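# A look at the structure
Residue-level listing of the chains:
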There are 2 protein chains.
Amino acid sequence: MADKTYNIGVEATMEVIGGKWKAIILCHLRHDTMRTSELRRAIPQITQKMLTQQLRELEADGIVQRRVYEQVPPKVEYCLTERGESLNMILNQLCKWGEANIDERRAKGEVIELIHRDDVSLEQNQSAS
Amino acid sequence: MADKTYNIGVEATMEVIGGKWKAIILCHLRHDTMRTSELRRAIPQITQKMLTQQLRELEADGIVQRRVYEQVPPKVEYCLTERGESLNMILNQLCKWGEANIDERRAKGEVIELIHRDDVSLEQNQSAS
DNA sequence: ACAATTACGTACTAAAAAGTGCGATACACA
DNA sequence: TGTGTATCGCACTTTTTAGTACGTAATTGT
């Protein structure tokens, strides 16, 4: 394994959840275990190749767990590992911030649509005030 | 402004803080106002072009504020806007998660180095328990 | 005169990430 | 025999992102 150097923690995090698809995949998996086809339906624009590829990388990073059922047609399920679960709070906040931001932008006249608003409501919220 | 559609909030967030440099830049700016040259020293691998380009995009997204002092040689400072500040908690957590992850990986035998460990200690932390 | 300073732009190139199109498997069912 | 299912791999192309190399400005100090 080659020597690796980070300057600041966030670099290591973005290496794991960065890119066009990973954070989205993880946001879906944080609620449920899902099979490949469910993820594909939940993320319509992703291609099969990208989905598999990103899931493989997340697996290699110890974030998701892959479970294969030996049956035909195949059935493969993915869920977060313990390390993946430790991203839960971050994922929730990323979702919420994005939603709030979309609202602000819309209030300023931009034409934006948000298909699925996450209802995390009363989970690990700690809004001081 | 062209019509834009998101499926889930996190997409909008990653559009703003994604990419190789933005989250890193923001992590540095969350403590201080900094001028261009300070940022460059804080993030040694970034090129001048990338730094400027990313800052411009963050400015366009209303995340950072650019202040130009009319003097020679030029002096330009950047700081977070209110909207940028609203990312603070996320940025802290991204840093902390990365640090913890680096520790885990090192414990498993990987040869990793982390130059700057962030000491956010007692800021807006809310660890229940 | 000339270098150093600080911030930025622009044309061009290189590398990384994502997308397309195709094939494979192995069984069920018409 | 042929079609549908669910998952994945591979070769290839396109798009996006990042990096290189260079040039500008206006002033201070040598």
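Labelled according to an unreviewed UniProt entry, chain A appears under the name Transcriptional regulator, originating from Lacticaseibacillus brantae DSM 23927.

## Structural notes on the relation of the copies chain A and chain B
Each of the two copies of the chain can be brought onto the other by a rotation about an axis and a shift along it. In screw terms, the move from chain A to chain B is a rotation of 180° and a rise of 0.0 Å along the axis, fitting with an RMSD of 0.0 Å. The superposition of one copy onto the other is thereby described by a two-fold rotation axis. A share of 100% of the interface residues of chain A reappears at the interface of chain B, consistent with the copies meeting face to face through the same patch.

## Considering the layout of surface pockets
Sizing a probe to match a water molecule and rolling it over the atoms shows the empty space that remains. Looking at the largest pocket, its volume works out to about 630 Å³. Along the walls of the largest pocket sit 32 residues, with G18, G19 and K20 of chain A together with G18 and G19 of chain B positioned nearest its centre. Put simply, the parts of the chain that give the lining of the largest pocket at least two residues each are β1 (4–8) and α1 (9–17) of chain A together with β1 (4–8), α1 (9–17), α2 (22–29) and α4 (48–60) of chain B. Residue composition of the lining of the largest pocket, grouped by class: eleven nonpolar, eleven polar and ten charged.

## So, the protein's contact with DNA strand D
Residues in close proximity to DNA strand D total 20 residues, the closest being R35, S37 and R66 of chain A together with K20 and K49 of chain B. Each atom of DNA strand D within 4 Å of the protein was classed as base or backbone; sugar and phosphate made up 75%. R35 of chain A is positioned with one of its side-chain polar atoms (N or O) 2.9 Å from a sugar or linking oxygen of DNA strand D. Between DNA strand D and R66 of chain A there is a distance of 2.6 Å, counted from a phosphate oxygen to a side-chain nitrogen or oxygen. Elements supplying a minimum of two residues to the surface near DNA strand D: α3 (36–42), α4 (48–60) and β4 (75–80) of chain A together with α4 of chain B. The dominant element in the surface near DNA strand D, judged by the number of residues it contributes, is α4 of chain A, at four residues.

## With respect to the sheet that holds strand β2 (residues 34–35) of chain A
Residues and elements named next belong to chain A. Read from one edge to the other, the open sheet built from three strands follows the order β2-β4-β3, with strand pairing classed as antiparallel. Lying at the two open borders of the sheet, with one neighbouring strand each, are β2 and β3 (64–69). Contacts from helix α2 (residues 22–29) reach β2, β3 and β4 within the one sheet, and its direction differs from that of β4 by about 90°.

## Topic: the interface of chain A and chain B
In this complex, chain A contributes 49 residues to the contact, which on the side of chain B involves 49 residues. Across the chain A to chain B interface the summed buried area is about 4400 Å²; carbon plus sulfur atoms make up 62%. Considering only the surface of chain A that becomes buried against chain B, N7, R83 and W97 of chain A emerge as the three largest contributors, covering 17% of it. Between chain A and chain B we count two salt bridges in total. E104 of chain A is the partner of R83 of chain B in a salt bridge, and the nearest nitrogen-oxygen pair spans 3.0 Å. Taken together, the connections running from chain A to chain B amount to 22 residue pairs in polar contact (both at pLDDT 80 or more). No other element matches helix α6 (residues 88–107) of chain A, which puts twelve residues into the side of chain A that touches chain B. Here the side of chain A that touches chain B is built from residues that sort into 25 nonpolar, 13 polar and eleven charged.

Cut-offs used in this document
Residues numbered from 1 in each chain as written. Chains lettered and ligands numbered in written order. Predicted model: local features only at pLDDT ≥ 70, side-chain atom pairs only at ≥ 80, totals over all residues. Heavy atoms only, no water. Least-squares fit on C-alpha atoms with pLDDT ≥ 70 in both. Contact = heavy atoms within 4.5 Å. 1 Å grid on protein atoms, 1.4 Å probe; cavity = no way out; pocket = protein on both sides within 12 Å on 5 of 7 lines; lining within 4 Å. Points joined across faces, edges and corners; volume = space filled by probe spheres on them. Helix = DSSP H or I, 4+ residues; strand = E, 2+ residues; numbered from the N terminus. Nonpolar A, V, L, I, M, F, W, Y, C, P; charged D, E, K, R; others polar. Near = heavy atom within 4 Å. Polar contact = N/O pair within 3.5 Å; in protein donor to acceptor, adjacent residues only side chain to side chain. Pairing = 2+ DSSP bridges. Axes fitted to C-alpha atoms, helices over the stretch in contact; angles between N-to-C directions. Buried area = accessible area lost by both parts, 1.4 Å probe. Salt bridge = Lys/Arg side-chain N within 4 Å of Asp/Glu carboxyl O.

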